[in-house]
Amino acid sequence: MSDSFQVTLSTLASDEGRPESELIPELLNAGLNQYTSNERLWKKWGSLSVREKDVAALVCLGYTNREIGARLNISSETVKDRLESTLIKFNITKRTELRLLFANWDFSAWEQA
């Protein structure tokens, strides 16, 4: 175990008033859950078409369907269709859920395109 990990673990245990041995399984479980969740999200992202990725990224940046259509030179109806297929692939129903799902992703490259 690295020194920095040991210091972090000791600090966390002290802050929570719990023994380190009790925290280790919880931290490992949380880390593995986050890792596999990110892996699944990345895999689903990879299943999107290029246009679905474009639309999803611009939705996550806060653009409206009309603004996305103008940026991508497609109709608002096409944007709506691509967004709908993306939402289905992620088993969600709202664009706000998509934004929450990708809240930690950096889509700034789409702003420059």
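Before any of the text, the structure's been laid out above.
Residues numbered from 1 in each chain as written. Predicted model: local features only at pLDDT ≥ 70, side-chain atom pairs only at ≥ 80, totals over all residues. Heavy atoms only, no water.

Colleague: What's the story with the overall build of the protein in this structure? I'm lost.
Modeller: Of regular secondary structure, the protein possesses 7 helices and 0 strands. Going residue by residue from the N terminus, the α and β elements of the protein occur as α-α-α-α-α-α-α. What you see for the protein is a C-alpha radius of gyration of 20 Å, clearly larger than the 13 Å of a compact globule of 113 residues, by over 25%. When the backbone C-alpha atoms are referred to their principal axes, the protein occupies close to 60 × 25 × 20 Å. (Helix = DSSP H or I, 4+ residues; strand = E, 2+ residues; numbered from the N terminus. Rg over C-alpha atoms; globule rule 2.2 N^0.38 Å.)

Colleague: What should I look at first to understand the pattern of salt bridges in this one?
Modeller: Pairs can form between side chains of opposite charge whenever their charged atoms are close. For the structure shown, the criterion picks out 5 salt bridges. Across the salt bridge formed by Arg-18 and Glu-16, the nearest N and O atoms sit 2.8 Å from each other. Given the relative accessible area of 40%, Glu-16 is considered partly exposed. Arg-51 is the partner of Asp-54 in a salt bridge, and the nearest nitrogen-oxygen pair spans 3.4 Å. Remark: Arg-51 and Asp-54 occur in helix α3 (residues 50-60); sequence separation between them is 3 residues, near one turn of the helix. A relative accessible area of 14% places Asp-54 in the buried class. The exposure class of Arg-51 is partly exposed, given its relative accessible area of 28%. Counted as one network, the salt bridges with shared partners bring together Glu-16, Arg-18, Glu-22 and Glu-26. (Salt bridge = Lys/Arg side-chain N within 4 Å of Asp/Glu carboxyl O. Buried < 20%, exposed > 50% of the residue type's maximum accessible area, 1.4 Å probe, protein only.)

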